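Chain by chain, the residues:
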Amino acid sequence: MKISLSWLRDWVDTGDDVPALAHALTMAGLEIEGVAAAGPSLPGVVVGEVKSVTKHPDAEKLNVCVVSTGSEELQIVCGAPNVRAGMKAPLATIGAKLPGGMEIKRAKLRGVESAGMLCSARELAINEEASGLFDLPADLPAGQDLVNALALDDTIFEVNLTPNRGDAMSVQGIAREVAATRGTPLHPPKIEPVAATIKDTFPVRIETGEPVGCYKFVSRIVRGVRPNAASPFWMQERLRRVGLRPISAVVDITNYVMLELGAPMHAYDLNRLSGSIIVRFAKQGEKLKLLDGREIELTPDVLVIADERSILGMAGVMGGEDSGISGDTVDVLFECAFFDPNDVVGRGRRYGLITDASQRFERGVDPELQERAIERATRLLLDCAGGNAGPLVVTRASRSYPAPSAVRLRHSRVEHVLGVKIDASLVQSLLTRLGMTVNGGAGEWQVTPPTWRFDIHIEEDLIEEVARLFGFDNIPEQPEIGAHEIAPWTETRVRNERASDLLVDRGYQEVINYAFTDAAVQAALCPEPAVALSNPISAELAVMRVSLWPSLLQVLGSNQRRQQPRVRLFEVGRRYSASDETEVIAGVATGSVLPEQWGAETRKVDFFDVKSDVEALLALTGEPDAFRFVAEPHPTLHPGQSARIYRGDRAVGWLGAVHPEHLRRLDLTYPVFVFELETAGGLAALVPQFEEISRYPAIRRDIAAIVDEGLPVEAVRDVVRNSAGSLLKRLTVLSVYQGQQLQKGKKSIALGLHLQDTSRTLTDNEADALVAQVVEQLGRQLNATLRDQ
């Protein structure tokens with residue numbers, strides 16, 4: 001949220017030390033993320049008064065203007081469509097340097113001399129408006145320095161508020177914090193009741209039942225406002241400085257009051273309303289066309305504002321298109337309501353709507369603020385657009401919103417939690433500064449928070465408030481005294497750090513994603529039930545992830561769109577189902593096997609490259625032979641390149657190529673290979689055992705077995721290991737061949753057997769006998785034959 005220092009000073013004495021104020025607010029819990037000037041320094045730019053405008057003799061779209069600086073009159077050639085005699089606009093004089101680097105020099109434009117330049121707001125980097133000259137207020141004196149005239153030396157704070165501090169989302173809220181922190185009084189602008197000059201009212205009904213949803217609905221009719229009236233220049237400038245674009249008097253005033261007081265408002269075109277206003281919950285299947293033009297289908301838990309004909313808006317989120325203010329609106333109905341935060345929270349995000357109003361209502365808006373907001377808006381509208389105001393109408397639900405409850409606070413508890421001695425009278429004073437009612441004594445109080453504080457419920461909440469105002473810098477650091485338990489280190493599990501290091505060594509980079517993801521993307525990749533979030537951050541992060549692949553593939557796509565053709569990523573995290581959660585390590589790889597270089601030919605990564613990375617991970621367990629890769633289908637993976645990883649009979653992961661249809665849907669350029677491995681089963685390790693190194697030479701024998709082409713290599717390896725027994729120290733797959741030299745439907749698997757005994761030297765006869773035994777078992781169990789060497 002942005003806030004202007006000059007606006008804040010209308011409410012409270014801020015002092016002159018801006019960095020100190022920013023630090024004080026940050027230490028009080030209102031983090032100041034940025035401090036910036038309201039505009040650039042503009043030496044040589046002054047207020048110019050256009051005295052006359054004549055057409056350029058040799059250019060249809062140019063005008064020759066006489067512009068006064070108060071002390072002299074200058075001839076300026078200008079092409080702005082809104083230039084007119086009598087207007088005041090920024091004038092860059094000779095020698096002035098504009099923010100874009102342009103230096104103003106005396107020039108001839110199509111034969112006519114120009115002694116300066118009349119400027120738009122965009123050319124001065126004040127805002128993005130570039131359709132014409134920056135039309136300045138008529139009461140500014142010609143020749144005045146523009147920075148001083150518009151107070152562009154004002155300071156803009158960028159405030160990052162925590163979700164519990166909805167009360168601080170306004171100038172009034174920040175001013176309260178400044179006053180409490182500095183111990184100075186507030187001096188807010190006076191908001192006097194506006195006397196009704198007409199008797200007109202508009203009927204309002206609250207028909208919500210349980211839950212109540214809307215406890216109070218305040219409204220007022222204002223008739224006869226000037227159509228297309230503009231808000232005053234000072235208001236437009238304040239809105240611009242906090243990031244809002246001025247639109248019209250009515251819309252600007254509702255935004256201004258929201259920013260100033262923290263009360264979201266809405267203005268309806270009275271002549272477009274039908275019958276009466278009804279606050280209720282939506283009916284199943286009802287639709288609403290929003291102000292941004294989108295049409296959404298509502299659910300029965302969405303609170304709406306309706307009339308007798310249609311839905312006017314989603315309560316606390318956004319108004320509808322049918323009742324909005326337009327250029328010909330002359331009769332206005334102001335609305336300012338109090339909605340229960342529980343009945344607003346998450347509703348907008350469900351439809352991808354995060355608005356200024358929803359952010360405030362979700363956190364809680366002062367239920368006593370609505371009347372003041374309407375009075376403030378009415379006075380501002382009458383002053384700038386005229387009209388006649390009707391009486392203020394307050395419609396309440398059948399029961400009131402619960403008043404804040406008193407919270408017990410003990411002086412001893414404050415000192416114990418904060419670890420510092422604080423005088424009891426100071427504790428009481430600090431809480432009183434925050435608008436709290438403090439009763440009691442003798443070291444124990446009953447503290448009632450004000451109506452605008454929705455975050456005070458328990459004793460620790462009050463202690464936090466005391467700490468904020470007392471100052472965290474004033475709480476001395478205390479060395480912690482206590483028992484420190486050393487975390488157990490087990491060799492029965494490969495640590496995540498070790499697995500991560502291995503993947504980094506093999507060219508992968510670690511990423512960290514949210515544990516929630518896009519429901520549509522995940523449903524397409526992994527069509528299994530996902531846990532939906534009741535209050536998602538956004539529509540793109542609405543469900544808990546059932547696999548790490550969707551997020552990894554989205555990150556991969558983001559890298560490819562930034563011209564990164566070779567990408568290897570992995571993540572260690574949890575996936576979630578309705579019943580449990582599982583920690584996994586997952587990765588994606590695409591592009592070339594090696595970075596581009598002169599020493600090796602470029603080759604795209606394939607299934608077996610990524611399989612070797614996974615096998616390296618599995619080898620860390622000390623039991624690589626316990627794992628099997630079995631061809632099985634997976635909805636994410638290509639049918640011909642999909643394998644499930646088993647450890648014994650337990651499935652512990654997946655490996656494969658992403659299905660081409662998913663690649664197309666995610667707009668991924670190259671083939672992508674993925675893996676996912678459960679850490680509990682996949683990275684459980686054998687405790688190392690001592691094994692003597694043989695002092696005797698090893699013997700190697702190679703064989704080539706011809707088997708059915710559909711037989712997995714793993715089946716051949718299992719038979720060889722079981723047949724050779726303990727003398728087989730290492731088994732290597734040398735090659736797999738299919739071709740014209742073999743019978744159709746057959747393949748040849750060449751194996752290298754490394755034989756060794758720890759107690760004696762094996763003879764050739766013993767090695768040959770062992771190989772013969774292996775060949776016999778291959779023939780018996782797999783119908784294999786020996787290929788001629």
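Further up the page is the structure itself.
Residues numbered from 1 in each chain as written. Predicted model: local features only at pLDDT ≥ 70, side-chain atom pairs only at ≥ 80, totals over all residues. Heavy atoms only, no water.

Moving on to the sheet that holds strand 1 (residues 2-4). Whenever strands of a sheet pair, they do so through backbone hydrogen bonds, lying parallel or antiparallel. On the basis of which strands lie adjacent, the open sheet formed by three strands has the order 1-10-2 and antiparallel pairing. Two strands close off the open sheet at either side, each with one partner strand: strand 1 and strand 2 (31-37). Strand after strand, the sheet turns through a mean of 25 degrees between neighbouring axes, direction not considered. As judged from the three bridges shared by strand 1 and strand 10 (residues 155-160), these two strands associate in the antiparallel manner. Bridging from a neighbouring strand, Ser4 pairs with Ile156 of strand 10. Helix-sheet contacts for helix 2 (residues 18-27) involve strand 2 and strand 10, and the interaxial angle to strand 2 is about 160 degrees. (Pairing = 2+ DSSP bridges. Helix = DSSP H or I, 4+ residues; strand = E, 2+ residues; numbered from the N terminus. Axes fitted to C-alpha atoms, helices over the stretch in contact; angles between N-to-C directions. Contact = heavy atoms within 4.5 Å.)

Our next topic: the state of the cysteines. Using the criterion set out here, one finds zero disulfides in the structure. In this structure Cys65 is not part of a disulfide, and its nearest cysteine sulfur, from Cys78, lies 5.0 Å away. (Disulfide = S-S within 2.5 Å.)

Two elements in contact, helix 11 (residues 424-433) and helix 12 (residues 459-470), have axes separated by 9 Å at closest approach and are oriented at 95 degrees. Classified by the interaxial angle, the pair formed by helix 11 and helix 12 is roughly perpendicular. Contacts from Leu426, Val427, Leu430, Leu431 and Arg433 in helix 11 reach Leu462, Glu465, Val466, Leu469 and Phe470 in helix 12. Residues of the contact of helix 11 with helix 12, tallied by class, amount to eight nonpolar, no polar and two charged. (Parallel < 35°, antiparallel > 145°, perpendicular 65-115°, else oblique. Nonpolar A, V, L, I, M, F, W, Y, C, P; charged D, E, K, R; others polar.)

So, on to the packing of aromatic side chains. For any pair of aromatic rings, the description rests on two quantities: the centre-to-centre distance and the angle between the ring planes. Scanning the model with the defined rule gives twelve aromatic pairs in all. Aromatic side chains Phe134 and Phe233 sit 5.8 Å apart centroid to centroid with 40 degrees between the ring planes, which places their arrangement in the tilted category. Here Phe134 is found in the loop between strand 9 (117-118) and helix 3 (146-149), whereas its partner Phe233 is found in helix 5 (residues 233-241), with 99 residues between them in sequence. Here Phe134 and Phe233 have matching classes, each one buried. When the ring of Tyr401 is compared with that of Phe454, the centres are 6.2 Å apart and the planes differ by 45 degrees; the resulting orientation is tilted. Taken as a pair, Tyr401 in the loop between strand 22 (393-396) and strand 23 (407-410) and Phe454 in the loop between strand 25 (444-448) and helix 12 lie far apart in primary sequence, 53 residues in all. By way of ring pairs, the aromatic residues Tyr215, Phe338, Tyr401 and Phe454 are connected into one cluster. Arg176 extends its terminal NZ or CZ atom over the ring of Trp452, reaching a point 3.8 Å from the ring centre. In this structure, Lys611 packs its charged tip against the face of Phe629, placed 4.5 Å from the ring centre. (Phe/Tyr/Trp six-rings, centres within 6.5 Å; stacked < 30°, edge-to-face > 60°. Buried < 20%, exposed > 50% of the residue type's maximum accessible area, 1.4 Å probe, protein only. Lys NZ or Arg CZ within 6 Å of the ring centre and 35° of its normal.)

A separate point is the sheet that holds strand 19 (residues 318-319). Strand order across the open sheet formed by five strands is 11-14-17-18-19, with mixed pairing between neighbours. For this open sheet the edge positions go to strand 11 (204-206) and strand 19, each flanked by a neighbour on one side alone. Note: strand 17 (residues 303-306) against strand 18 (residues 311-314), three bridges, orientation antiparallel. Following the sheet pairing, Val304 is matched in strand 18 by Met314.

The terminal C-alpha atoms of helix 16 (residues 607-619) lie 18 Å apart, and with 13 residues this matches the ideal 18 Å at 1.5 Å per residue to within 8%. Of all the residues in helix 16, the buried ones are Phe607, Asp609, Val610, Lys611, Asp613, Val614, Ala616, Leu617 and Leu618. Between a side-chain oxygen at the N-terminus of helix 16 and the backbone nitrogen of Phe608 the separation is 3.1 Å; the capping residue is Asp606. (Expected span 1.5 Å × (residues − 1). Polar contact = N/O pair within 3.5 Å; in protein donor to acceptor, adjacent residues only side chain to side chain.)

For the coordinates displayed, the defined rule picks out 60 salt bridges. The partner of Arg408 in a salt bridge is Glu444, with the nearest N and O atoms 3.3 Å apart. Taken together, the residues Arg408 in strand 23 and Glu444 in strand 25 connect sequence positions 36 residues apart. Classification of Arg408 as partly exposed rests on a relative accessible area of 42%. Glu632 is paired through a salt bridge with Arg644; the nearest N and O atoms lie 3.8 Å apart. Placement of the pair is Glu632 in the loop between strand 31 (627-631) and strand 32 (637-647) and Arg644 in strand 32, with a sequence separation of twelve residues. Exposure remark for Glu632: the relative accessible area of 21% places this residue in the partly exposed category. (Salt bridge = Lys/Arg side-chain N within 4 Å of Asp/Glu carboxyl O.)

For the rest of this paragraph, the subject is unusual backbone geometry. Looking along the chain, the bond that leaves Glu210 and enters Pro211 is cis, with omega of -5 degrees. Phi angles above zero are rare outside glycine, and Asn228 is one such case at about 60 degrees. With respect to the secondary-structure elements, Asn228 resides in the loop between strand 12 (214-223) and helix 5. The exposure class of Asn228 is exposed, given its relative accessible area of 64%. The phi torsion at Asn783 lies on the positive side, around 60 degrees, for a residue other than glycine. Along the polypeptide, Asn783 turns up in the loop between helix 20 (764-782) and strand 38 (785-786).

Scope: geometric values only; no functional claims are made or implied.
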